[in-house]
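# Close look at the chain arrangement
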Amino acid sequence: MAGARLFFGGNAGTTPGWLTDNDRSFAQALLIEAVDASYRMSWIEKLWSSTVSPSASIKSILGKLAFKAMKDWLTSCQPVDLKKAKIYTMVKNQLTVNWRSVWQIRIQVGDPVY
């Protein structure tokens, strides 16, 4: 249950035999959301790195950004990309804040609430 441990720490308050398919689906959905949100956030990082030189012209900035977009488009969505997916700490922390109480209720009550 690596997904739940990533977001909720330790053993996520569960024992592996106690987890249901819904729990696994919930953890997988959190991981997918984290990867998607981090991918979207990477575009902000690419835009920032393209504009870091204050003397650069708009044309060169757009050229750098277009090059990064083309490179990303040609190399993205490969199975190996998912094995080395980058999850930003800020994204992980926000998902943890958003879903911690839901997971805690699941652990304490025993009924899925998601």
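Residues numbered from 1 in each chain as written. Predicted model: local features only at pLDDT ≥ 70, side-chain atom pairs only at ≥ 80, totals over all residues. Heavy atoms only, no water.

## Digging into helix H5 (residues 89-109)
Filter applied, for reference: A run of H or I in DSSP counts as a helix once it spans at least four residues, and a run of E counts as a strand once it spans at least two, with each numbered from the N terminus. One fewer than the residue count of a helix, multiplied by 1.5 Å, yields its expected span. Here the bend at each residue means the angle between axes fitted to two seven-residue stretches, the one ending at that residue and the one beginning there. Each residue's exposure class comes from its accessible area (1.4 Å probe, protein chains only) as a fraction of the maximum for that residue type: buried when under 20%, exposed when over 50%, partly exposed otherwise.
Between its terminal C-alpha atoms H5 stretches 29 Å, which fits the 30 Å expected from 21 residues at 1.5 Å a residue. The principal kink in H5, of about 50 degrees, is found at Trp-99. Taken as a whole, H5 has its buried residues at Val-91, Leu-95, Thr-96, Val-102, Trp-103 and Arg-106. Two residues or fewer after H5 comes Gly-110, characterised by a positive phi angle close to 95 degrees.

## Examining the packing of aromatic side chains
The condition that has to hold: Ring pairs shown here join Phe, Tyr and Trp side chains whose ring centres sit within 6.5 Å, with only the six-membered ring taken for Trp; geometry is labelled stacked below 30 degrees between planes, edge-to-face above 60, and tilted in between.
Applying the stated criterion across every chain, the model contains 2 aromatic pairs. Here the aromatic rings of Phe-26 and Trp-99 are separated by 5.5 Å at their centres, their planes lie at 70 degrees, and the arrangement is edge-to-face. In this pair, Phe-26 is assigned in helix H2 (residues 21-50) and Trp-99 in helix H5, connecting sequence segments 73 residues apart. A residue is classified by how much of its surface remains accessible, and Trp-99, at 34% relative accessible area, is partly exposed. Measuring from centroid to centroid gives 5.8 Å for Phe-26 and Trp-103, while their planes differ by 5 degrees, and the two rings are stacked. In this pair, Phe-26 is assigned in helix H2 and Trp-103 in helix H5, connecting sequence segments 77 residues apart. Each member of the pair Phe-26 and Trp-103 is classed as buried. One aromatic cluster is present, built from ring pairs that chain together Phe-26, Trp-99 and Trp-103.

## Some remarks on the pattern of salt bridges
Pairing between side chains of opposite charge can happen when the charged atoms of each approach one another. What counts here: The rule for a salt bridge is simple: a side-chain nitrogen of Lys or Arg has to be within 4 Å of a carboxyl oxygen of Asp or Glu.
All chains considered together, the criterion is met by 3 salt bridges. Put simply, Asp-21 and Arg-24 hold a salt bridge, and the shortest N to O gap is 3.9 Å. Separated by 3 residues within a single helix, Asp-21 and Arg-24 lie in helix H2, roughly one turn from each other. By relative accessible area, Asp-21 is classed as exposed at 60%. Overall, Arg-24 belongs to the partly exposed group, its relative accessible area being 36%. Among the salt bridges present, the one from Glu-33 reaches Arg-40, with a minimum N-O distance of 3.5 Å. Classification of Glu-33 as partly exposed rests on a relative accessible area of 33%.

## As for the side chain of Ser-38
Quick reminder of the rule: Any N or O atom pair separated by 3.5 Å or less is treated as a polar contact, with the protein-specific requirement of one donor-capable and one acceptor-capable atom, and with residues adjacent in sequence counted only for side-chain atom pairs. In this analysis, two residues are considered to be in contact whenever any of their non-hydrogen atoms come within 4.5 Å of each other.
When you line up the elements, Ser-38 lands in helix H2. Within polar-contact distance, the side chain of Ser-38 engages the backbone nitrogen of Tyr-88 at 2.9 Å. Those residues in contact with Ser-38 that lie beyond four places of it in its chain are Lys-86, Ile-87, Tyr-88 and Val-91.

## Some remarks on the nonpolar core
Applicable threshold: Residues grouped as a nonpolar core are buried Ala, Val, Leu, Ile, Met, Phe, Trp, Tyr and Cys residues, joined through side-chain atoms within 4.5 Å.
Within the largest apolar cluster, 12 residues are counted, these being Ala-4, Phe-7, Phe-8, Leu-19, Phe-26, Leu-30, Ala-34, Ala-37, Tyr-88, Val-91, Leu-95 and Trp-103. At the level of secondary structure, the elements contributing two or more residues to this core comprise helix H1 (2-8), H2 and H5. Top contributing element to this core by residue count: H2, with 4 residues. Setting aside chain neighbours within four positions, we find Val-91 in contact with Ala-34, Ala-37, Ser-38 and Met-41.

Geometric values such as these leave the question of function open.
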